[in-house]
Amino acid sequence: IHSSPILVVDNNNNNNNSFNNSNLNIQRNAPYALSLLLQVNSPNQITQVKSPTHSINWQLNKDSSNKSGVVTFWRNEESMDKDVVILIEHEKSHEPRAIIEIPSENTTLLTPGMNVANDEVTAMITLVPEFELHDTQNEIVFIVDRSGSMSGSKINNVKEALQLFLRALPANCYFNIVGFGTSYQMLFNSSQRYDDTTLITATQHVNSMSANLGGTELMNPLRAVLSINKIAGYERQVFVLTDGEVSNTDQVIGLVKYCSASNGNCRVFAVGVGKGVSHALVEGIARAGSGNAQFIIDGERMQPKLMRQLKDALQPALRELKINWVENEQQQEQLNQQNEQNEQQQQ
């Protein structure tokens, strides 16, 4: 049971202002309920507010130029037997912008006894830089939870998503599939080049997959995949799909962080399936592995989010980023000259 709601901001644009989730089978047997009054403010026009988990009402504030509004539950109160997910979409989400909050001494969110000077502010800066990136060669490894808790619709959804994944892989990549539970099984002893023959083998393997490998032990398959020598000239992209939690979350995250840092050119993406998945595990793995995390709630289609992750993985990774703040044109010119010298030295 999740007693605290989760707010997710989606940057996709859509023009609908309501979302009815009456198709979901909502269980209402939790011993407590939650009412919701969420004030939404945006520097840009809000195009849509919806929830894939609950039926909600979205009401724009008058004279707000579509930049603020209020979210409430359609039923007034909802049983707290799962996460509350709110998706907020707005225009111009990828444009650079700065949001500044100036607190006052009467702000209730301040720590008691905290003194606020007149010049203290909180700022959130969103920058969307443009890069000239070169195509990379990739080795892609899927680590799939096949523990008993994945039985039924979960493993079937994963199998459908994997079939879609396999047919979207680039022609020049290497790939492998690892199933895990109490033990783990590899499709190939080492990643194989993607071609018609290996695609047929992988397709048959995925069709035969079932949730028959016992408990959820993620450490050993992760260690096995991350410790294999990488293919020269190829970046390794690892996808972990799981519906549960493990008893050694910190150790698993530590392993991913160590291997990602020491091995170089290796990223780990994570997908949490169902409402019982450990957010600490999924988000921790993705953060430590310089990837990203996605969560699939019960009844939600898995394919769109997985394809988005695959698209992210096939993009070159940015490493050792550095931001230089300049105050005038002279400093900007000096910085440009320094960057040109660094590029010449690298060549």
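The paragraphs below set out a description of the structure included in this document. (Residues numbered from 1 in each chain as written. Predicted model: local features only at pLDDT ≥ 70, side-chain atom pairs only at ≥ 80, totals over all residues. Heavy atoms only, no water.)

Comments concerning unusual backbone geometry
Point 1. Of note, the phi angle at asparagine 66 is positive, near 65 degrees, even though the residue is not glycine.
Point 2. With respect to the secondary-structure elements, asparagine 66 resides in the loop between strand S4 (56-60) and strand S5 (68-79). (Helix = DSSP H or I, 4+ residues; strand = E, 2+ residues; numbered from the N terminus.)

Things to note about the packing of aromatic side chains
Point 1. Inspection of every chain in the model, using the stated rule, returns 7 aromatic pairs.
Point 2. For the pair phenylalanine 165 and phenylalanine 239, a centre-to-centre distance of 5.4 Å together with 55 degrees between the ring planes defines the contact as tilted. With phenylalanine 165 in helix H1 (residues 153-168) and phenylalanine 239 in strand S13 (residues 234-242), the pair connects residues that are 74 residues apart, well separated along the chain. (Phe/Tyr/Trp six-rings, centres within 6.5 Å; stacked < 30°, edge-to-face > 60°.)

Looking at the nonpolar core
Point 1. Formed by 32 residues in total, the largest nonpolar core has its most connected members in Phe142, Leu162, Leu166, Leu169, Ile177, Phe239 and Met302.
Point 2. Among the secondary structure elements, those contributing two or more residues to this core are strand S9 (137-145), H1, strand S10 (174-180), helix H2 (196-208), S13, strand S14 (266-273) and helix H6 (303-313).
Point 3. Broken down by element, the residue count for this core peaks at 6 residues, all from H1.
Point 4. In this structure, leucine 162 is in contact with Phe142, Val144, Val206 and Met209, ignoring residues within four places of it in sequence.
Point 5. Membership of the second largest hydrophobic core comes to 27 residues, among which are Phe180, Val246, Val268 and Val282. (Core = buried A, V, L, I, M, F, W, Y, C linked by side-chain atoms within 4.5 Å. Buried < 20%, exposed > 50% of the residue type's maximum accessible area, 1.4 Å probe, protein only. Contact = heavy atoms within 4.5 Å.)

Brief notes about the sheet that holds S5
Point 1. Strands sit in the order S2-S5-S4 across an open sheet of 3 strands; the sheet is antiparallel. Sheet topology places strand S2 (33-41) and S4 at the edges, where each strand pairs with a single neighbour. Across the sheet, the axes of successive neighbouring strands diverge by a mean angle of 15 degrees, strand direction being ignored. (Pairing = 2+ DSSP bridges. Axes fitted to C-alpha atoms, helices over the stretch in contact; angles between N-to-C directions.)

Quick word on the packing of H1 against H6
Angle between the axes and distance between the axes: these two values describe a pair of packed helices.
Point 1. Orientation of H1 relative to H6, taken along the N-to-C sense of each, is 35 degrees, at an axis distance of 10 Å. Taken as a pair, H1 and H6 cross one another with a handedness that is right-handed. Judged by residue contacts, Glu160, Ala161, Leu164, Phe165 and Ala168 of H1 engage Gln303, Leu306, Met307 and Leu310 from H6.
Point 2. Among the residues making up the contact of H1 with H6, the classes are represented as 7 nonpolar, 1 polar and 1 charged. (Left-handed = near helix turned anticlockwise from the far one by under 90°. Nonpolar A, V, L, I, M, F, W, Y, C, P; charged D, E, K, R; others polar.)

A closer look at H2
Because each turn of an α-helix spans 3.6 residues, side chains separated by three or four positions end up pointing in the same direction.
Point 1. Taking 1.5 Å per residue, 13 residues should reach 18 Å; H2 reaches 19 Å between its end C-alpha atoms and fits that length.
Point 2. By the burial criterion, the buried members of H2 are Thr198, Leu199, Ala202, Thr203, His205 and Val206. End-on view of H2: buried residues confined to an arc of 165 degrees, all on one side of the axis. Along H2, the residues that are exposed and aim more than 90 degrees away from the buried face are Asp196, Thr197, Gln204 and Ser208.
Point 3. Contact partners of the buried residues in H2: H1, S10 and strand S12 (192-193).
Point 4. Put simply, aspartate 195 is the residue that caps the front of H2, since its side-chain oxygen is 3.1 Å from the backbone nitrogen of threonine 197. (Expected span 1.5 Å × (residues − 1). Arc of directions from axis to C-beta. Polar contact = N/O pair within 3.5 Å; in protein donor to acceptor, adjacent residues only side chain to side chain.)

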